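Close look at the chain arrangement
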Amino acid sequence: MGPSRGRETSSGLPLILSLSMGDVAEDKASFYSNAEDYWREVPPTVDGMLGGYGSISSIDINGSKAFLKKFLGEGEGETGTGCALDCGAGIGRITKRLLLPLFRTVDLVDVTKEFLDKARTYLGDDAKRVGNYFCCGLQEFVPETGRYDVIWIQWVIGHLTDDHLVEFLRRCQKALRPDGLIVIKDNVSYEGVVPDDVDSSVCRDLDIVRRLVGRAGLRVVHEEQQKNFPKEIYQVHTLALR
C-alpha cells in the first residue's frame, strides 16, 4: 500500500467519506485479486514499495527504530530480540534496514512472489539470517504459534477487510513469544474509510483502527505519529499492541 496522498476536495479541505468497509469491499474476491494485480505491475525497488516516495525511506526507518527500541531488552517485561516477522514485506526494505539489525532471525510474508524473489538478493549477506519467505496474503496467513518477539505490520492493513484484519491480529497474538509485540504502522484518514481504487485498498481513521484492535482482543500500549513526512501524504501513525 505504501504512503499515499491524502484525498482533498477542490477547496483543499480533507475529503471525508462516511463509508463502511462493507461498502468498499462488498466483493471480497475482487478486492484482493485487484490488489494482487496492482502489485504484480509495481517494480521491485524501494521507490516501487513506497509508491514513488522512496526519498522518505530513511526518515521512516529512523522513526520506526526509535519507536521499537523503547520496548526491546533483556529485562523482565521487555521484548526479546530473537525473531521478528515482516508483514507485507515486499522486497525486504524494512527487514534490511530495521529488523535484521535488531533481531537474530526475521521471516518475511508477502503476497507477491516477485518481491520475495528480489528480497533474496536485495538483503545481501544478511539474507542468511532470514528464516522463511512466505508467499501468502495476510487474510490467509497463519503465523507459527509462539515464534515471534515482534510482528511488524506496515502499510498493509488497508489491504484487509475489517473481519480479516481482526482475525489476522488474533492469529498474530497467538504467534507472539512472552512479552512479544505487534506493531502496526500505517496511513490514517481524517475521518471514516477512504477507498483507493488504484491499488484496491482503504485508509481508515484512527478510531476505526483502535476499535478493530479491540475486537481482536488486543490493547494499544503505545502510539506515535511519524514526524517529518511530506505534508501532502496521509498522516502515518505507529501503534504497539499486546
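Residues numbered from 1 in each chain as written. Predicted model: local features only at pLDDT ≥ 70, side-chain atom pairs only at ≥ 80, totals over all residues. Heavy atoms only, no water.

**Thoughts on the overall build of the chain**
Scanning the chain for helices and strands turns up eight helices and nine strands. In terms of C-alpha radius of gyration, the chain reaches 17 Å, essentially the compact-globule figure of 18 Å for 242 residues. The 242 residues of the chain split such that 54% are buried. Considering only intrachain contacts with a sequence separation of at least 6, the fraction spanning at least 24 residues in the chain is 70%. For the chain, the distance from the average position of its 30 positive side-chain charges to the average position of its 36 negative side-chain charges is 6 Å. (Helix = DSSP H or I, 4+ residues; strand = E, 2+ residues; numbered from the N terminus. Rg over C-alpha atoms; globule rule 2.2 N^0.38 Å. Buried < 20%, exposed > 50% of the residue type's maximum accessible area, 1.4 Å probe, protein only. Contact = heavy atoms within 4.5 Å. Lys, Arg positive; Asp, Glu negative; His and termini not counted. Charge placed at Lys NZ, Arg CZ, Asp CG, Glu CD.)

**As for the sheet that holds strand β9 (residues 235-241)**
What the seven strands build is an open sheet, ordered β3-β2-β1-β4-β5-β9-β8; its pairing is mixed. The sheet terminates laterally at β3 (130-135) and β8 (220-225), the two strands that pair on one side only. Ignoring which end each strand starts from, the neighbouring axes of this sheet average 15° apart. One ladder, built from four bridges, connects strand β1 (residues 83-87) with strand β4 (residues 148-154); its direction is parallel. Directly across from D86, in β4, lies its bridge partner W152. Helix α4 (residues 57-69) contacts β4, β5 (176-188), β8 and β9 of the sheet and is inclined by roughly 145° relative to β5. Each of β2 (105-110) and β3 is contacted by helix α6 (residues 113-122), which is oriented at about 160° to β3, the strand it contacts most. (Pairing = 2+ DSSP bridges. Axes fitted to C-alpha atoms, helices over the stretch in contact; angles between N-to-C directions.)

**Some thoughts on the nonpolar core**
Core analysis: the largest hydrophobic core is formed by 36 residues, its most contacted members being C87, I151, I153, F168, L169, I182 and L241. Among the secondary structure elements, those contributing two or more residues to this core are α2 (28-40), β1, β4, α7 (162-174), β5, α8 (206-215) and β9. Dropping the residues within four chain positions of it, F168 is found in contact with C87, L138, F141, I153 and L160. Counting 26 residues, the second-largest nonpolar core is a separate cluster that includes F67, A89, A119 and W152. (Core = buried A, V, L, I, M, F, W, Y, C linked by side-chain atoms within 4.5 Å.)

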